[in-house]
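Report on the structure
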Amino acid sequence: MAQKLVLKVLTMTDDKTKQKAIEAAADIYGVDSIAADLKDQKLTVIGQMDAVAVVKKLKKVGKVDIISVGPAKEEKKEEKKEEKKEEKKEEKKEEKKEEKKEEKKEEKK
């Protein structure tokens, strides 16, 4: 399961240090994507990697604070889609049951 790791690299103030941080994170096995926000000094790393290894590698670039670690959003979307499909199926089943009940009531009259 892919995870999303959001870090604050306090030394990432210009393009040179941003590039160093991205390259350091890219060296870690299992990293799928990296996004860097220079203004907020945030580095977002997504993939099936060890969060400790990422932080350890980035500490060579500068001071690192972990903001959040959690599942990647892509998986959440897929889970939500599956849940919505199941809910729709259940609603359709309930509607069919109600229609059958109404038909039976009309036949009795």
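For the structure itself, consult the block above.
Note that the coordinates shown come from a computational prediction; the quantities given were computed from them, not determined experimentally.

**Section: the pattern of salt bridges**
One pass over the full model with this rule turns up two salt bridges. D27 serves as the salt-bridge partner of K57, at 3.8 Å between the closest nitrogen and oxygen. A residue pair is termed long-range when its members are at least 10 positions apart, and K57 in helix α2 (residues 51–58) and D27 in the loop between α1 (15–26) and β2 (31–37) qualify at 30 residues. With a relative accessible area of 28%, K57 lands in the partly exposed category. Between D65 and K63 there is a salt bridge; the shortest N-O distance is 3.4 Å.

**Re a positive patch on the surface**
Taken together, the side chains of K96, K100, K101 and K104 define a basic patch exposed on the protein surface. Checked against the element boundaries, K100 lands in helix α3 (residues 73–108).

**Comments concerning the environment of K8**
Structurally, K8 can be placed in strand β1 (residues 3–9). Taking the relative accessible area as the measure of exposure, K8 reaches 30% and is therefore partly exposed. K8 sits 56 residues away from V64 along the chain, and the two C-alpha atoms are 5.7 Å apart. In contact with K8, not counting residues within four places along its chain, are D40, Q41, K63, V64, D65 and I67.

**Concerning α1**
A rise of 1.5 Å per residue sets the reference length of α1, with its 12 residues, at 16 Å; its end C-alpha atoms lie 16 Å apart and thus fit the reference within 8%. When we look at burial in α1, the residues that qualify are A21, A24 and A25. Around the axis of α1, the buried residues are gathered within 95 degrees of arc, so they sit on the same side. Exposed and facing more than 90 degrees away from the buried side of α1 are D15 and K16.

**Quick word on the nonpolar core**
Ranked by internal contacts, the top residues of the largest apolar core, which has 17 residues, are L5, L7, L43, V45, M49, V54 and L58. Of all elements in the fold, only β1, α1, β3 (42–47) and α2 reach the threshold of two or more residues within this core. Element by element, the count of residues in this core is highest for α2, at four residues. Leave out the neighbours within four places in its chain, and L58 touches L7, A21, A24, A25, L43 and V64.

Rules of the game
- Residues numbered from 1 in each chain as written.
- Predicted model: local features only at pLDDT ≥ 70, side-chain atom pairs only at ≥ 80, totals over all residues.
- Heavy atoms only, no water.
- Salt bridge = Lys/Arg side-chain N within 4 Å of Asp/Glu carboxyl O.
- Helix = DSSP H or I, 4+ residues; strand = E, 2+ residues; numbered from the N terminus.
- Buried < 20%, exposed > 50% of the residue type's maximum accessible area, 1.4 Å probe, protein only.
- Patch = residues over 30% accessible without salt bridge, like charges linked within 9 Å, V, L, I, M, F, W, Y side chains within 5 Å.
- Areas by Shrake-Rupley, 256 points an atom, 1.4 Å probe, with all protein chains shown as cover.
- Lys, Arg positive; Asp, Glu negative; His and termini not counted.
- Charge placed at Lys NZ, Arg CZ, Asp CG, Glu CD.
- Contact = heavy atoms within 4.5 Å.
- Expected span 1.5 Å × (residues − 1).
- Arc of directions from axis to C-beta.
- Core = buried A, V, L, I, M, F, W, Y, C linked by side-chain atoms within 4.5 Å.

The values are spatial; any link to function lies outside them.
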